[in-house]
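Descriptive analysis of the structure
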Amino acid sequence: MPCYRCGARQTDPGKGPSPWKRGVVADEQVLICPDCQSTHDWVADLDRCESCGSTMLLRALGETRCRECSFTKQTLRASGEHADAGLADDVAAALRRRFDG
Ligand SMILES: [Zn+2]
Ligand SMILES: [Zn+2]
């Protein structure tokens, strides 16, 4: 996964803890590269827990969970609706092909 700001890719997975930071921005799990950490107020970009305000969030299975207080936010996203519509179109197209063939 590249840096959410500059698109840099994580290199040298080597030893020790990674200098890259994780966070959630607009309900997406993102990585922040060391450069952007030093040049940009990236913490201000992060989503915050609706319960305790922490930015220590984790995306999993379509929900955002707070690592501080375990508050979990279910996210229904507009893009998910589009994906469903696309799926319905695919099914309709498949049915058309079946009946045409
Ligand atoms: Zn970056
Ligand atoms: Zn919290």
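Calculation notes
Residues numbered from 1 in each chain as written. Chains lettered and ligands numbered in written order. Predicted model: local features only at pLDDT ≥ 70, side-chain atom pairs only at ≥ 80, totals over all residues. Heavy atoms only, no water. Pairing = 2+ DSSP bridges. Helix = DSSP H or I, 4+ residues; strand = E, 2+ residues; numbered from the N terminus. Donors = N, O, S within 2.8 Å, 3.2 Å for Na, K, Ca; no water.

1. Side note on the pairing of strand β1 (residues 21-25)
Note: β1 against strand β2 (residues 28-32), 5 bridges, orientation antiparallel. Bridge assignment links valine 25 to a residue of β2, and that residue is glutamate 28. Hairpin connection between β1 and β2: a loop of 2 residues separates the two successive antiparallel strands, and alanine 26 in this loop has a positive phi of roughly 50°.

2. Considering the coordination of the zinc ion (ligand 2)
Summarising the metal site, the zinc ion (ligand 2) is bound by the protein donors Cys49 (SG), Cys52 (SG), Cys66 (SG) and Cys69 (SG), whose distances to it range over 2.3 Å. Mapped onto the polypeptide sequence, the residues donating to the zinc ion (ligand 2) form the spacing pattern C-x2-C-x13-C-x2-C. In this pair, cysteine 52 is assigned in the loop between α1 (34-39) and β3 (57-60) and cysteine 69 in the loop between β4 (63-66) and β5 (72-74), connecting sequence segments 17 residues apart.

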